[in-house]
Amino acid sequence: NEFVKEILPFGIVLTAISSLVVIFTSADRLIIGYLMPAESSETAVAIYTIATSLAIVLIAFPSSVANIFLPIISKKIASGAKEKEGLNQIINTAQRWALLITFPFGIAMMIFSKEILSLFYGVNYESGAATLAIFTIGVMIQSISYIISISLAAARRLDLELKVMTTSTVVNIALNFALVPQFGIEGAAFASLISFIVLSGLSAYYANKLFNYRPEK
């Protein structure tokens, strides 16, 4: 009975979120391959994949910070309204840590995107420099809100996470279809940037509704 009422619905929603994450992170490459000319699509997908994979490495920093702060955030959320008063401070502190580590590497990756691609993968991949720079901005924005997303998970509000991922994925797919035909892999990177902004904004919105989250000024 408990399995049917609690565990099964929880598992279904979690599976749906995981599926949306996969779609969110792979839709751009599939759409590039589908919409770009056949003679250049394979090369475009390869360059885009390499460039975005480098930028995604930046998520390792806020992820590590989140692992440190998650038990504290979970305890605050579980202990009631009185303890939640300090939740803003904890989230903002975690965000500062994540930003302090991520920001210098992100800026360097944006400024030296061409050189980085050439160094690691050769001159044939230098054309992905703009894609790397644009996508890096999106990853940096997502890095700032990563702690907020973890807070929603700590509150066991998978319904809100599902809404966030569904909206962000739909926006990502729609923008890719709109931008890739005209702007190629740079359009796909810009679509991802906007999707990261949507994802971060929605996460902050729901965190505000749940525990009156306010970003530090």
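Here the structure is a predicted model, which means the values were calculated and not measured.

S.K.: Any chance you could explain the packing of aromatic side chains here in plain terms?
M.R.: Centre-to-centre distance and the angle between the planes together describe a pair of aromatic rings. Applying the stated criterion across every chain yields a total of 7 aromatic pairs. Centre to centre, the rings of phenylalanine 61 and phenylalanine 105 are 5.1 Å apart; their planes meet at 25°, and the pair counts as stacked. Of this pair, phenylalanine 61 sits in helix H3 (residues 60-78) while phenylalanine 105 sits in helix H5 (residues 87-111), and the two are 44 residues apart along the sequence. On the basis of relative accessible area, phenylalanine 105 is assigned to the partly exposed category, the value being 48%. In this structure an aromatic cluster arises from ring pairing among Phe24, Tyr48, Phe135 and Phe196.

S.K.: Please clarify how the pattern of salt bridges should be interpreted in this entry.
M.R.: One side chain can pair with another of opposite charge once the charged atoms of both are near each other. In this structure the tally under the stated criterion is 1 salt bridge. Note that aspartate 159 and arginine 157 form a salt bridge whose closest N and O atoms lie 2.7 Å from each other. What makes aspartate 159 partly exposed here is its relative accessible area of 35%.

S.K.: I keep staring at H3 and nothing clicks. Help me out?
M.R.: Each α-helix winds once per 3.6 residues, and so residues spaced three or four apart point in a common direction. An ideal rise of 1.5 Å per residue puts 27 Å on 19 residues; H3 measures up with 27 Å between its terminal C-alpha atoms. Taken residue by residue, H3 has Pro62, Val65, Ala66, Phe69, Ile73 and Ile77 as its buried positions.

The rules behind the values
- Residues numbered from 1 in each chain as written.
- Predicted model: local features only at pLDDT ≥ 70, side-chain atom pairs only at ≥ 80, totals over all residues.
- Heavy atoms only, no water.
- Phe/Tyr/Trp six-rings, centres within 6.5 Å; stacked < 30°, edge-to-face > 60°.
- Helix = DSSP H or I, 4+ residues; strand = E, 2+ residues; numbered from the N terminus.
- Buried < 20%, exposed > 50% of the residue type's maximum accessible area, 1.4 Å probe, protein only.
- Salt bridge = Lys/Arg side-chain N within 4 Å of Asp/Glu carboxyl O.
- Expected span 1.5 Å × (residues − 1).

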